[in-house]
Amino acid sequence: MKCSRTIKSLTVGVSLTLLLSFSNNESYRTEHNVKMPYKKYGYTDRQAAARLLDRFSFGARPGEVDAVVNMGIDKWFEQQLEGADTDTEVVKRLANFKTLGLDNETIVNTYLNPGQIVRFAVKNGLVNKDSIQADKKAYQDQLRNLMQQMGLRPLQELQTELINQKIIRAAYSNNQLHEVLTDFWFNHFNVSLTKPQCVQYIQTYERDAIRPNVTGNFSTMLLATAKHPAMLEFLDNASSVSDKNRLVNKRVEAAVQQQLEKKADDMQSAGSPLAPFAQQAVQARKVQGLNENYAREIMELHTLGVDGGYTQADVTAVARALTGWGLRPLVKDAPGRNLYERGLQNNFGNRGFVVEKDFFFRADKHDDEAKTILGKNFPANGGYKEGEEVINMLANHPSTAQFIAKKIAIRFVSDTPATSLVNKMAETFRKTDGNIKAVLITMVNDREFWNQKSSREKIKSPFELAISAIRATNADVQQPAQVFNWINKMGQKIYFYQAPTGFPDRASYWINTGALLNRMNFGLAFAAQKIPGIKIDLAALNNNHEPESTEDALHVYSNIFLPERDNKQNIKRLTAMVADQSLAQKINDAVEKTSPMQQQTEDNMMDAMTAVKRNDDKLALNKKNKSIITATLPGNNSMMAQVAGIIIGSPEFQRK
Amino acid sequence: MQNRRAFMKQGAMALFASGIAGGIPSFIARAADANKIFMPYKKKKVLVCIFQRGAMDGLMAVSPFTDLNLKQMRPTLFMSPAATEGKQFDLDGRFGLHPAFESLYPFFGEGRLAIVHGVGSPNNTRSHFDAQDYMESGTPFNKGTASGWLNRAVGLLGHDATPFRAVSITSALPRSLYGDNEAVAINNLQDFAIQMRGNPLAANMVAGSFEELYDQTTNKLLNRAGKESFDAMKMLNVNNIKNYQPSAGVVYPNSPLGNSLKQIAVLIKMDVGLEVAFAESGGWDTHFNQGAANGTFARNAKDFSDSIAAFWKDMNAYQDDVTVMTMTEFGRTAAQNGTGGTDHGRASCAFIIGNDVAGGKVYNNIKSLAKEDLEDGRDLPVSIDFRASFSSVANSHLKINNNKILFPDWKGDGLNLMKG
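Described below are features of the structure shown in this document. All of these numbers come straight from a predicted model, not from anything done at the bench.

Considerations on the overall build of chain B
Along chain B, the regular secondary structure elements total 14 helices and twelve strands. Here chain B, with 420 residues, has 65% of them falling under the buried criterion. For chain B, long-range pairs separated by at least 24 residues make up 72% of all intrachain contacts whose partners lie at least 6 apart in sequence. Here chain B has roughly 14400 Å² of accessible surface; of this, 49% comes from carbon and sulfur atoms.

Structure (structure tokens):
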């Protein structure tokens, strides 16, 4: 409510903002409870539990529907909103990870990319620059030894752990809603491993800027992302600076620049190995100026939405308000690090510099002049506070409420959510100053969430598909990298989405020709345990009781993997296809009896299409034609795997 | 419909006999119903785009060798047609082609190769990520553009499509193909099948089950994609790909680009409806020891050139339908750096190959490499907007004419790189 107006008049800033929104939440919580009207809309307790698990977890585990019913449907959701369950399984599986608790400074000085390692080696005279030949083994060995001595680690390790921890948490965490929301908000505030400048910070970005805020206050999360090195680098705000600044003495600045250029030129003529880097640094310094990338995206993608009512002039003004927002020099011995350390000792002469963890506001690079943003005037010399005020204004803008409400509804309800639902959620967003928990409660309490029509329209993303298969089978994942490979193959290279938009959240993006076949193949490979490092025990899921027939297996596993869905039709159809042993026999007969005539016709057709021979394959198939029978014999383990694989690859399992 | 299903059932029986994974594509089935075989997708024009990731040194690939400034700035990297200076191919008395492009050089003389020089983005970013992003989205000042320019081009084709209309031989969809129009990213065409290792017959049977299930699902999207997937799978008999033999005498380099182009050739020859293809070539970020006549750059250039030349020869009877266009995010510094390489610069050059190309010419507005003519005193400035080059090729070859959609914020004129 009008609380935001009060804040604007306060100069005390962030602590008060937090305090106010906090008290607001408290009052909200006592007024509103989770009271889901599922019965009114024709759901049984079990059906409601299954639906909640479909949407707010990465998939139901065997027996989980009953567990939710026993706990109480509303209570389960409240508990998930809190997200405070102990996670012994996750703790155990992440115990050997080395990077999860590190800070940015340790990471950038330890986990280096190959280029940085070479630079480091050349700089310290440890490798002769003429011997640099990345493809020579001796050289590679030399580098590896060097890294060991210096305590350096390859960047790859950091990336692998980032990816693996996400897979493990999603598969095994008890706080499923928090995992789902971490995935959602990370994607909303997307940063990408494809951009070298930000790769080292993505681990801490998810951990510190996203994860703690997923059910909290939207503006807190927005500000946390804005100030995190990953976002500052990904959308270039770290390099957005201005010289419209009273602290800058232009004459001195020009002299410094000239000196630096001369130094770099001298290094070049002296043939110094560091010359290129000096040149680059000098160049970077010179081309520095306003960069509008972040300003545009914070409005278009993070808050107001593309039709949220801002102009190009607003983009430029927001960019100017955020000039000087960067990160402190984190690399030891990097240019500027000593300067920074000295500045820190005297609080930068009390000239308005701000240091907060790794965020560094460079007051001397900030545009001091007055600005107008979305119709509001910001007087000159606003310093750091000005940017913070702009971000809070964007977070609490009515367009943001609408945009965020819709995005949440798209994720959890339908690709095309009802306007009435979005409006109600947006209203809650406004009334609570962007309390995400309150918005989610409004959503589940609404009839539209329980609308049977939209109940099966959401399609799982490849990540959701893979994790739901792991959960449905109680699989033991020892090599999460293998899961990543499949997710990538199915079209979702997590953490690598290049555009700041994040992965699109709509079925038509995920479901296309190549991807769909890969989903089916994933189901088959997964169930047949052909994916290394993933163990499942299908018999154990059925109390160590082997299904007596294919039909029986279809019943058993459909009901375990797809609880509370209408599986009858599928089972009926599949039974006819899979279990018909006489069909297998007929096929074998056909293989032997196919008349040359018939084959000829087909050859013509295929030749017309491809003009490539395939006689060899025919022979190969004839030799192997026995396997189809064994594959469908009841009680045969590969029969169970085949059935399980078909269910996981089936259309029904792709739906949320 | 009933006819079709009946046929499919028969087909399903017969397919085991003939070893065609998955059966007969439904469009062939329909054709067979009507007692005729037709090739609905034959003879489509194909645009093949190759992205040279890492920023190719355009001044080394195609050197303005008469400019004395270049020799001065590149004491060990400078090359020219002179026997003592690396024996470049003299293109027109002013520009020389690096000798490692030997296999492409004849195309220039035959008028099938056009070179665009001084080409790049108006956005002066020297970040690989940003520059690639801008070039692929086709909007150099707007990062939020959700779609890629090639995806928009696909949307403008304006006729029915097969699942293979737009294909990228990469594991993930490249930024250029992000968007609403269907595009397939696949690293290896052999993955295009229902796979059960060591049990191909069971795979056939399972494929049948899946086809049935997707045919019956009430979800329209899954239903349609399912149909297309099984059609695609049948069109693309994996065994044919495995055993693919290029045209006589064609040897593709055993490199990522060579393999990608070979797979594109398979798709084209199978007449599966390919119209836009995408492949990548890496290793162009030559900060260290890039070498002159030999070395990193020369090795990359040879692979690049040999791969394209092999592809072209393999295209054989299809050559009239195919145009190849290369692109790279930016060029490199005019001067060499302290480690025998070059750093991130601005403009580079691009190669356009095809029978419809108005080739045999280096299209450029390059003045000189004197310091005052360089951007920021160090880089070959961008004197041709990449969109002028892309739009000329795409519009003419694919017969689309809507620069407003292709490149929304651009109002410039296209080059005339194509005949007619």
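So, the state of the cysteines
Residues and elements named next belong to chain B. Tallied over the full model, the rule gives zero disulfides over all chains. Free cysteine Cys-349: the closest other cysteine sulfur is in Cys-49, separated by 16 Å. A relative accessible area of 1% means that Cys-349 is categorised as buried.

Quick word on the sheet that holds strand β4 (residues 95–97) of chain B
Residues and elements named next belong to chain B. Sheet architecture is open: three strands sit in the order β2-β4-β3, paired in antiparallel fashion. Strands with a single pairing partner mark the edges of an open sheet, and in this sheet they are β2 (62–64) and β3 (89–90). Looking at chain direction, β2 and β4 are connected through three bridges and run antiparallel. Considered in β4, the bridge of Pro-64 is made with Phe-95.

Comments concerning the environment of Gln-142 of chain A
All names here are of chain A. Structurally, the position occupied by Gln-142 is in helix α9 (residues 137–150). For Gln-142, a relative accessible area of 34% puts it in the partly exposed group. Between the C-alpha atoms of Gln-142 and Leu-222, which are 80 residues apart in sequence, the distance is 44 Å.

Describing the packing of aromatic side chains
Residue and element names in this part refer to chain A. Taken as a whole and assessed by the stated rule, the structure comprises 46 aromatic pairs over all chains. When the centroid spacing of 4.8 Å and the interplanar angle of 15° are considered together, the rings of Phe-348 and Phe-353 count as stacked. In this pair, the class of Phe-348 matches that of Phe-353, namely buried. One Lys or Arg, Arg-93, reaches over the ring of Tyr-172 and ends 3.9 Å from the middle of that ring.

A closer look at the nonpolar core
Generally speaking, soluble globular proteins have nonpolar side chains that are buried together. With 261 residues, the main nonpolar core has Trp-185 and Phe-561 of chain A together with Phe-311 of chain B as its most contacted residues. Tallying contributions element by element places helix α12 (residues 296–315) of chain B first for this core, with ten residues. Both of domain 1 (237–395) and domain 2 (462–654) of chain A provide at least three residues apiece to this core. The contacts of Trp-185 of chain A, once residues within four sequence positions are left out, are Ile-210, Val-214, Phe-218, Met-221, Ile-404, Ile-408 and Ile-436 of chain A. In terms of nonpolar packing, the next biggest core, distinct from the first, is built from 36 residues, Cys-49, Met-135, Trp-149 and Phe-278 of chain B among them.

As for the sheet that holds strand β4 (residues 354–356) of chain A
Residues and elements named next belong to chain A. Overall, antiparallel pairing links the three strands, which are arranged β3-β5-β4 in an open sheet. In the strand order of this sheet, the two ends are held by β3 (325–327) and β4, each with one partner. Between one strand axis and the next, the sheet turns through 25° on average, direction left out of account. Taken together, the three bridges between β4 and strand β5 (residues 359–361) define a ladder with antiparallel strand orientation.

Overview of the side chain of Glu-206 of chain A
Residues and elements named next belong to chain A. You can see Glu-206 is positioned in helix α12 (residues 202–210). With relative accessibility at 3%, the residue Glu-206 sits in the buried group. At 2.6 Å, the side chain of Glu-206 forms a polar contact with the side chain of Tyr-495. Those residues within four positions of Glu-206 in sequence are excluded, and the remaining contacts are Gln-165, Thr-182, Phe-186, Arg-211, Pro-212 and Tyr-495.

Looking at the packing of helix α13 (residues 218–226) of chain A against helix α17 (residues 293–302) of chain A
Residue and element names in this part refer to chain A. It is at 13 Å that the axes of α13 and α17 come closest, and there the two elements cross at 150°. Considering the angle they form, α13 stands roughly antiparallel to α17. Of the two elements, α13 crosses α17, and the hand of that crossing is right-handed. The residues of α17 that touch α13, namely those facing Phe-218, Leu-222 and Ala-226, are Tyr-294, Ile-298 and His-302. A class-by-class count of the residues in the contact of α13 with α17 yields five nonpolar, one polar and no charged.

What counts and how
Residues numbered from 1 in each chain as written. Chains lettered and ligands numbered in written order. Predicted model: local features only at pLDDT ≥ 70, side-chain atom pairs only at ≥ 80, totals over all residues. Heavy atoms only, no water. Helix = DSSP H or I, 4+ residues; strand = E, 2+ residues; numbered from the N terminus. Buried < 20%, exposed > 50% of the residue type's maximum accessible area, 1.4 Å probe, protein only. Contact = heavy atoms within 4.5 Å. Areas by Shrake-Rupley, 256 points an atom, 1.4 Å probe, with all protein chains shown as cover. Disulfide = S-S within 2.5 Å. Pairing = 2+ DSSP bridges. Phe/Tyr/Trp six-rings, centres within 6.5 Å; stacked < 30°, edge-to-face > 60°. Lys NZ or Arg CZ within 6 Å of the ring centre and 35° of its normal. Core = buried A, V, L, I, M, F, W, Y, C linked by side-chain atoms within 4.5 Å. Domains from an automatic or database assignment. Axes fitted to C-alpha atoms, helices over the stretch in contact; angles between N-to-C directions. Polar contact = N/O pair within 3.5 Å; in protein donor to acceptor, adjacent residues only side chain to side chain. Parallel < 35°, antiparallel > 145°, perpendicular 65-115°, else oblique. Left-handed = near helix turned anticlockwise from the far one by under 90°. Nonpolar A, V, L, I, M, F, W, Y, C, P; charged D, E, K, R; others polar.

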